[in-house]
Amino acid sequence: MTAWTVMLRGIRYRAGRSFVVFLIAVTATTAAVLAPAYSRAAQQSVLTDGLSAASTDATGLTVGAKGGKDSAAFMDLAEIRLAMNAALDKDKFLDERLDRPVAAIDTEVTYAGATGRLAFRQDVCSQLDLDGACPNEAGEVAVSKRTAAAHSLKTGDTLTVHLGPAGAGRDKSFKISGLYSPKDANAAYWGRTAYFSAGADGEGERADSLFSLTEDDLRAEASATLSTRLEYPLLTGRVHLDDVAPLRQSLQTLGDRMRGHELEVTTTLPAVLHDIDTDQSAIARTAPVIAVPLLLLCWFVLFLLVASLTEERAPEIALAKLRGYASGRAARFGLGEVVLLTAAAVPVGLAAGLGLVQLAADALLAPGTGVEVRWPVFAAAGVAFAAGIVAAALAARQTLARPVLGLLRRVPERGGWKAGVVEGIVVALAAASLVAAVSDRTSPLALLAPPLLAMVLGIGAARLLGMWSAARLRIARRRGRIVPLLSAAQLSRRPGGQRLVVVVTVAVALLSFAATAWDVAARARADAAEDALGADRVYTVNAAHPDALEAAVAKADPGGHAMAVVRASQRFDNAPIELLGVQADRLAAVAEWRGHSRDQLDAVAGRLHPSAADPLRLGRDLAVEATVDVLPARPALRLAAVVANPGQPPRTVTLGALAKGTRSYHAALPGCTADCRLIGLAVGRAAGGSDPYAITVAVRSLTTDGGALVPGFDLAGRWQARRPASGDATVTVHAGPALGIDVSGADPADAVVDHVDTPEALPAVLAGGAPTDDAKAASFSLPGFSEQPQPFLVAGRTDSLPRAGRRAVMFDLDYATRMAERTASLADNGNLRYEVWAAAGAPSDLAARLGQLGIQVLKSESRQQYTDQLARRAPALGLWLYLLAGGAAILLALGVVLLTAYVGVRARLYELAALRVAGVRAGQLRRALFREYRALLGLPLVVGLAAGIVGALVMLPGVPLVTVGEPAGSFSYEPSLGALPIALAATVLGFAVVVLLVLRLLGRAR
């Protein structure tokens, strides 16, 4: 017979054992393939997720210009399109990844007493619900139904529009072809341009955009400033890992080419890709490290298996040597079957690894992510095959080197000093690696610490089991107890049992660490999502000013389940501080603040919004009754009012020249809306100058639109003198039935007395130290929503604020807006960021309602979406791989347990049969077997479980669990029905089934 025939017949003869060898070799190849294949798929998932999560305008690019007649902004869109087509013809790579562009032109205009945009946008009529016709002809426009209702406009009317800046430009008449409302004001089609922003802004009323489909209508005035552009969405589904570097280069090249045409390429895609790179790099580092313990365990199991099988075949090898086989030929005879099975396992393991990755991609990764067959996958399979052959050769070396008489022995050899040396080396290496990992828990090496710790504990447990069994054997022999004697004899005389303890310990530790880490990470992701959002849903919006946002939220959600939030950033000591203005009256119903109940949030809201005077709301005019007893001859003095519309800068309105006696001073307030309020009263010079003067004015009443105001003149502190800009004036206020105002000095500016409708210092909840020299200070000054510092009072301290972090200030939005509007306009404050937070009870169509009210929704986030995204970030994907590796390790351990029962089963059955003949009852043999396996599996189960959990609790605070680069820090592990109890139950059940199979197998001894 040929060598191939002998090997094939041997495999068939030992079908069960050969199948176990094959399965373990397949598992080793699968583990090797898993790292590169899963790493690649996870990186692609992160890329797909990152691009999908970013807004269309963030990933797309805009090509165009903004300027006057002499700039490229007045270029025809067809010319820009030709220039871009020529550039994309030279770069097919970029061309294939850009969608059809949307052409747009817009310019600021005034019409019907309001400011707005005259806009051209390609195919705009398909995005509008029109009553009337699309404005296809020159001189035609479409007007929003909201603007038409406000200014009594209808289809067919002529609308006069002023093109160009105020004081220049010219008027142009347009025919209203139709009235529109947007189908979806928040659709990606509109980009970042706020076309629908009707309301009041810092300069007066603002109207929705006028749409024209004639480019020349927008270029009719040379003094106008145009924004002309092509907006290209990115086809994110066509961007793969290998495309990232060429895409960056293509964007750079495109920008250089377009600058030659005086056009700018604008995109934030490189920044989006940079954030994605961080997660991809983390996956590339951690996936191979996670696969290493499973791979080493596979090779160790293969080593044990080959050693056991070779030991079982020792008599056959002895016969081969007696027939004259040389040592090399005998070695090939002993290893041929293993080598053939390992080679046959390579393609199966390769397919299994790729299939497993595809299943994981379908279940866990971003939609559309699949497995990629690349050369690293085949290289990993080759390494697994080579390592398997080396492990097999090392395992069989000792048996093959023994003489014929040693091979024919029926009693297994005891472990010698070489095994102790090997174990010592393993313990030393494991300890060194463990120390290195503990010193830097943020490195990928930290993930190797738990299996290394388990290996050390497993070797210790195996040694302890051997010594305990030897001691129990002596005790049982003296006492004559059969069951303990038989179980202790098996445990003490078979070295394979001690190796089994090591394998099971490491496998259980891998799974328990992975399950504990997964449970902790899942809780951490939920907490991170709650902290990052602060509510069930968050909408990032465009708004004219805070009051406009508050008014829109009140209309969109009258039930109080949503609130307006305005954010800003300041710096202190070269560190950023986040400012968070919230509607305190809606805080408890909307916000989700970890560690705070609704009652606690109510208490916080009460501290943020203490009682204060109501604003003095004005109508279309203001009348002030005041008495002047003594009036200086020079200079001429006047009485004025400081008023402010929401979002507009405060303005001083002259009420009249001061005269002796009691008089009524009156002024019309054009442009004052329903929310216009009186900031204060002012006394000053009628014609300027710096002559000193002194005067006392007694203000007796305030009246607006025929109705009396309640100014609270008799309340101390309700009216306060504003500190003069210079020190050349003294202003004193006296409370009483009439408000007394004493002014003296030579300051050329007005003396202002403010109506105090806010607390003196803005109450705030502070996260982190106070932004002042004393971090524990109870008060501090910081620019809030204006450029001027304003006083804050610490009303509470916390470790972290929702959606703001550990260095932030939370305060009441209403009070903060009133304070800021005393001196500044908020409509032109580019530092303010607007959001709407919504609870679960808020309307599901809240975004659409906000859009109809002129609030453009730029981005929508939900806590569930955020949690799902975190579950597809690098730390979670790495833990999934670790959990998968732990499950595979347990399957290997179960296989090893069965292996120890099947290998040498004939000799074991012979021993049991002999004991039956000697008079040992079958029940005693079953109890002895059960006690033997209870010790073999129970001890490593307990030790491995403890090693995994302890390793997790020690290592996880330094390991990123939610986002890359941010270790978990302190956490409390709260046991729940998560991955750990499920994994533990499945492991115990698996071991119980295996033990039953072993008892059934050995029960055949007769």
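The rules behind these values
By convention here, each chain's residues receive numbers from 1 onward along its written sequence. The predicted nature of this model means local features are confined to residues of pLDDT at least 70 and side-chain atom pairs, given and counted, to a pLDDT of 80 or more, with totals for whole chains, interfaces and linings taken over all residues. Values shown for side chains rest on all heavy atoms present in the structure; no hydrogens or waters enter the calculation. Any carboxyl oxygen of Asp or Glu that lies within 4 Å of a side-chain nitrogen of Lys or Arg is treated as forming a salt bridge with it. The way it works is that DSSP assigns letters per residue, a run of H or I at least four long becomes a helix, a run of E at least two long becomes a strand, and they are numbered from the N terminus. Buried, partly exposed and exposed residues are distinguished by accessible area as a fraction of the type maximum, computed with a 1.4 Å probe on protein chains only: under 20%, between the cut-offs, and over 50%, respectively. Lining residues are defined by having an atom within 4 Å of a point belonging to a cavity or pocket. Those points lie on a 1 Å grid over the protein atoms alone, cavities being sets where a 1.4 Å probe fits but cannot get out and pockets being open sets with protein on both sides within 12 Å along at least five of seven lines. Grid points are joined across faces, edges and corners, and a volume is the space filled by probe spheres set on the points. Gly is placed with the polar residues, together with every amino acid not listed as nonpolar (Ala, Val, Leu, Ile, Met, Phe, Trp, Tyr, Cys and Pro) or charged (Asp, Glu, Lys and Arg). The set of buried Ala, Val, Leu, Ile, Met, Phe, Trp, Tyr and Cys residues whose side-chain atoms join them within 4.5 Å is what this entry labels a nonpolar core. DSSP calls a pair of strands paired once it identifies at least 2 bridges connecting them. Helix axes are fitted only over the stretch in contact, all axes being lines through C-alpha atoms; the angle between N-to-C directions runs from 0 to 180 degrees. Contacts are assigned to residue pairs that have any heavy atoms within 4.5 Å of one another.

Peer 1: Sorry, what's going on with the pattern of salt bridges here?
Peer 2: Opposite charge on two side chains permits them to pair, given that their charged atoms come into close proximity. Counted according to the given criterion, the structure contains 39 salt bridges. Residues Arg219 and Asp76 are paired through a salt bridge, measuring 2.8 Å at the closest nitrogen-oxygen approach. Of the two residues, Arg219 is situated in the loop between helix H7 (215-218) and strand S11 (226-232) and Asp76 in the loop between strand S1 (61-67) and helix H4 (77-89); the sequence distance between them amounts to 143 residues. The class for Asp76 is partly exposed, based on a relative accessible area of 34%. For the salt bridge of Arg219 with Glu215, the shortest nitrogen-to-oxygen distance reads 3.2 Å. Overall, the relative accessible area of 21% leaves Glu215 in the partly exposed class.

Peer 1: I keep staring at empty space enclosed by the protein and nothing clicks. Help me out?
Peer 2: If you roll a probe as big as a water molecule over the atoms, it shows you where there is empty space left. A full pass over the atoms with the stated rule returns 6 cavities of 30 Å³ or more. The computed volume of the second largest cavity comes to approximately 60 Å³. Lining the second largest cavity are Val508, Leu511, Ser512, Ile890, Leu945, Leu980, Ala983, Leu984 and Thr987. Listing elements by their share of the lining of the second largest cavity, those giving two or more residues are helix H17 (495-533) and helix H27 (979-1002). Of the residues forming the lining of the second largest cavity, the biggest block, 4 residues, is contributed by H27. Along the lines of polarity and charge, the residues of the lining of the second largest cavity split into 7 nonpolar, 2 polar and no charged.

Peer 1: Would you explain the nonpolar core in this entry?
Peer 2: General note: in soluble globular proteins, nonpolar side chains tend to be found buried as a group. Ranked by size, the top nonpolar core spans 79 residues in total, and within it Val63 and Met258 carry the most contacts. Considering each element in turn, this core owes the most residues, 9 residues, to helix H2 (residues 15-53). Formed by 68 residues, the second largest nonpolar core is a distinct cluster that contains Ile459, Leu510, Ala515 and Ile890.

Peer 1: Explain the sheet that holds strand S15 (residues 575-582) here, please?
Peer 2: In a beta sheet, neighbouring strands pair by backbone hydrogen bonds and run either parallel or antiparallel. Spatially, 9 strands are ordered S28-S29-S27-S30-S15-S14-S31-S13-S32 in an open sheet, and the strand pairing comes out mixed. Where the open sheet ends on each side, the last strands, each with one partner, are strand S28 (779-783) and strand S32 (856-862). Pairwise comparison of adjacent strand axes, ignoring direction, gives a mean angle of 35 degrees for this sheet. Across 4 bridges, the pairing between strand S27 (residues 762-767) and strand S30 (residues 808-812) is antiparallel. Across the sheet, the residue bridging to Leu766 is Val809, located in S30. Packing of helix H20 (residues 598-608) onto the sheet brings it into contact with S15, S27, strand S29 (789-798) and S30, and relative to S27 it is tilted by some 135 degrees. Across the sheet, helix H21 (residues 813-820) is in contact with strand S14 (562-572), S15, S27, S29 and S30; its angle to S30 comes to roughly 90 degrees.

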